[in-house]
Amino acid sequence: MITRITALLRTEPDTSDAISISLEEPDFANYQKKVSMAIAKIKSRALDKVVLSRVVPLPAEPKIDLPQTYLSGRRANTPARSFLIDVGGWKATGFSPETIVEVDPTGRVRTQPLAGTRALHHHRETDSRLRSELLSDAKEVHEHAISVRLALDETRSVSIPGSVAVTEFMDVEERGSVQHIASRVTGQLQENMSSWSAFAALFPAVTVTGVPKGAALRVIRELEGEERGLYGGAVLLADTQGQLDAALTLRTVFQRDGRSWLRAGAGVMGESTPEREWEETCEKLRSIAPYLRGLRM
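Residue positions are given per chain, counted from 1 along the sequence in the order it is written. Residues qualify for local features only when their pLDDT is at least 70, as the model is predicted, and side-chain atom pairs are given and counted only at 80 or more; totals for whole chains, interfaces and linings, by contrast, use all residues. Side-chain figures throughout are based on the complete set of non-hydrogen atoms in the structure, without hydrogens or water.

**Q** Hey, could you go over the pattern of salt bridges for me, with residue numbers and the actual values?
**A** In the sections that follow, a salt bridge refers to a side-chain nitrogen of Lys or Arg positioned within 4 Å of a carboxyl oxygen of Asp or Glu. One pass over the full model with this rule turns up 24 salt bridges. Here D257 ties to R256 by a salt bridge, and the two come within 3.9 Å at their closest N and O atoms.

Right under this line is the structure:
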């Protein structure tokens, strides 16, 4: 199966069944209002960061062809992990930008929080300028730093004292239509801990919730107004030797109960502006929206 998929990815894409959608209205004003409310909560010191997401409904017809969407999008994306799933009434395909946690058979734990975003245009001069802007933007750097700090604390809670370290700090990872500030935190599991202990400590990811997580989740529940479902969850690979690989379900098209939709979020801080956070959601949605394919009759 893997060989067959690899061969298909090397073929020329067929765009005759492409589905065109708008990433703008009707959610523009509503999302910006929610971001303004979140900024007010942060400035009142109720929390430091919250990741607010928005839904883009997809038309009922033509129906989304998830395998073809996967093939189309995988050619153009640079994900940490990609997936195509059909389980428990949920169907989804996506291009995950980051892993929540990786554990190898020796008990080595790794997590890679990505926070801080700019568009990626695949034009050398433009992308270099945006990368420099990203790394010098106080809001983006602050957002990243507090996300790494929480990842450190969570990794320490299951690791041998003294084994936790930041092995990569403020690199930039290119993920499809965006570039993110990325760091990597590692540790060594305590003897009485398992890979599932590490997953429990780090899930849900700080990069889809906020800081502190409890307060962020309360704000998300209040402002988003609906369950996220698989969005911000994890696609897992695990074995009996203790290995675990959990990738975030982001940059994904979802299907359930006859509906299809996209979803994307942005990290809101006290320094945020509603306009920029809206723009960030659009940038992320472009990792999946241009590659939607319809079922051929």
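**Q** Outline the pairing of strand β3 (residues 90-96), supporting the account with residue identities and numerical values.
**A** Think of it in three bands: with a 1.4 Å probe and only protein chains considered, a residue is buried below 20% of the maximum accessible area for its type, exposed above 50%, and partly exposed in between. Every helix listed is a DSSP run of H or I at least four residues long, and every strand listed is a run of E at least two residues long, numbered separately from the N terminus. Counting buried positions over the seven residues of β3 gives six, a clear majority of the element. Joining the antiparallel neighbours strand β2 (residues 81-87) and β3 is a turn of two residues, in which G88 adopts a positive phi near 60 degrees. Pairing between two strands requires that DSSP report at least two bridges joining them. Across four bridges, β3 lies against strand β12 (residues 252-256) in antiparallel orientation. Looking at the pairing, G94 lines up with T252 of β12.

**Q** Summarise the side chain of S72; cite the residues concerned and give the values.
**A** Tracing the chain through its elements places S72 in helix α3 (residues 66-76). Not counting residues up to four positions away in its chain, the partners in contact with S72 are Y291 and R293. By definition in these notes, contact holds between two residues if any of their heavy atoms fall within 4.5 Å.

**Q** Lay out helix α5 (residues 138-156) with the relevant residues and their values.
**A** A helix is expected to span 1.5 Å multiplied by its residue count minus one. In a regular helix each residue adds 1.5 Å, so 19 residues correspond to 27 Å; α5 covers 27 Å between its end C-alpha atoms and thus fits that length. Listed in full, the buried residues belonging to α5 are K139, E140, E143, H144, I146, S147, V148, L150, A151, L152, E154 and T155. Of the residues that open α5, the one with a side-chain oxygen 2.9 Å from the backbone nitrogen of K139 is D137. Throughout this description, a polar contact denotes any pair of N or O atoms lying within 3.5 Å of each other; where both atoms belong to protein, one of them has to be capable of donating a hydrogen while the other can accept it, and for residues adjacent in sequence the pair is counted only when both atoms sit in side chains.

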